[in-house]
Amino acid sequence: MSALKSFEIDYTSGLPVWIQVKNRIAYLIGSGEFAEGERLPTVRGLATELDISYNTVNRAYMDLEREGYIATRKGRGTFVAEQRDVGAARATDSPIELVIDDMIRACTNAGLVDDDIVAMVKARLARRAM
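This is a predicted model, so every value here is computed, not measured. (Residues numbered from 1 in each chain as written. Predicted model: local features only at pLDDT ≥ 70, side-chain atom pairs only at ≥ 80, totals over all residues. Heavy atoms only, no water.)

Visitor: I'd like a description of the pattern of salt bridges, backed by residues and values.
Guide: For the structure shown, the criterion picks out 4 salt bridges. Close ionic contact of D63 with K22 constitutes a salt bridge, the shortest N to O distance being 2.8 Å. Taken together, the residues D63 in helix 4 (residues 54–66) and K22 in helix 2 (residues 17–30) connect sequence positions 41 residues apart. Taking the relative accessible area as the measure of exposure, D63 reaches 11% and is therefore buried. You can call K22 buried: its relative accessible area is 2%. Taken together, the salt bridges that share partners define one network made up of K22, D63, R66 and E67. (Salt bridge = Lys/Arg side-chain N within 4 Å of Asp/Glu carboxyl O. Helix = DSSP H or I, 4+ residues; strand = E, 2+ residues; numbered from the N terminus. Buried < 20%, exposed > 50% of the residue type's maximum accessible area, 1.4 Å probe, protein only.)

Right, dumping it as structure tokens:
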């Protein structure tokens, strides 16, 4: 888990800590740093290692599991899930691209189509420019 040991939380980024943790793990899975079936640190262990709240790591893990990146096996631990091509992070994805992917996924889950998502983003950008 050396890839996570070198990970530092950026408290000045404006990005919630749980999203930073989630994005880092998704990136490491997408880049192949963590292989399918590889065991990840426990929630408590990672929270201690990163000096953050258990609940923060738990939220990141729950979201990663919901999106199919990881799988929890009761009594055995958390493992990298078998990756599907759809929605998996690529090694070239930036943290911002991962946030955008999350936003698109949330909009789609809410029933919006691509044109509606684009229109909403354009409206928000126009509102910001005022």
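Visitor: So what's going on with the environment of P95? Residues and values would help.
Guide: Relative to the helices and strands, P95 is located in helix 5 (residues 95–109). With relative accessibility at 52%, the residue P95 sits in the exposed group.

Visitor: Now, about unusual backbone geometry: what can you tell me, with residues and values included?
Guide: For D51, which is not glycine, the phi torsion reads 55 degrees and is therefore positive. Along the chain, D51 falls in the loop between helix 3 (43–50) and helix 4.

Visitor: Give a description of the pairing of strand 3 (residues 77–80) that names residues and reports values.
Guide: Taking every second residue as pointing to the same face, both faces of strand 3 are buried, with G77 and F79 on one and T78 and V80 on the other. With 4 bridges connecting them, strand 2 (residues 70–73) and strand 3 associate as antiparallel partners. Note on strand 3: the bridge partner recorded for I70 is V80. Between strand 2 and strand 3, which follow one another and run antiparallel, lie 3 residues, and G75 among them has a positive phi close to 80 degrees. (Pairing = 2+ DSSP bridges.)

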